[in-house]
Amino acid sequence: MNEKKIKLMATEDVKEFVKAAETCDFEVDVAYQRILVDAKSLLGVLALGLAKELTVKYWGSNTAFESVVQKYAVA
């Protein structure tokens, strides 16, 4: 399992992130505090809210997805 912290500041960021997650053939989850949603769900990720530090958990490897995760990574 891989785990990264990201921050999505705008709706367009969420759209790009979800689109990248949809290309993965493995499970991708996003968590905020105790709430866990499927990263492939646009409404689910939007419901977590913008400008919050989110935790992405994924069980596989996809270079295109990982580059999007890196783009929104929190230092």
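Residues numbered from 1 in each chain as written. Predicted model: local features only at pLDDT ≥ 70, side-chain atom pairs only at ≥ 80, totals over all residues. Heavy atoms only, no water.

We now examine helix 1 (residues 11–22). Two residues of an α-helix separated by three or four positions point the same way, owing to the 3.6 residues in each turn. Taking 1.5 Å per residue as the helical rise, helix 1 with its 12 residues ought to reach 16 Å, and the 16 Å between its terminal C-alpha atoms agrees with that figure. Regarding helix 1, the residues found buried are D13, V14, F17, V18, A20 and A21. One side of helix 1 carries all its buried residues, which in axial view fall inside an arc of 160°. When the buried face of helix 1 is taken as reference, the exposed residues oriented beyond 90 degrees from it are E12 and K19. On the buried face of helix 1, the contacting elements are strand 1 (2–7), strand 2 (28–32), helix 2 (42–48), strand 4 (53–58) and helix 3 (63–71). (Helix = DSSP H or I, 4+ residues; strand = E, 2+ residues; numbered from the N terminus. Expected span 1.5 Å × (residues − 1). Buried < 20%, exposed > 50% of the residue type's maximum accessible area, 1.4 Å probe, protein only. Arc of directions from axis to C-beta. Contact = heavy atoms within 4.5 Å.)

From the geometry alone we can't say anything about function, so treat these as descriptive.
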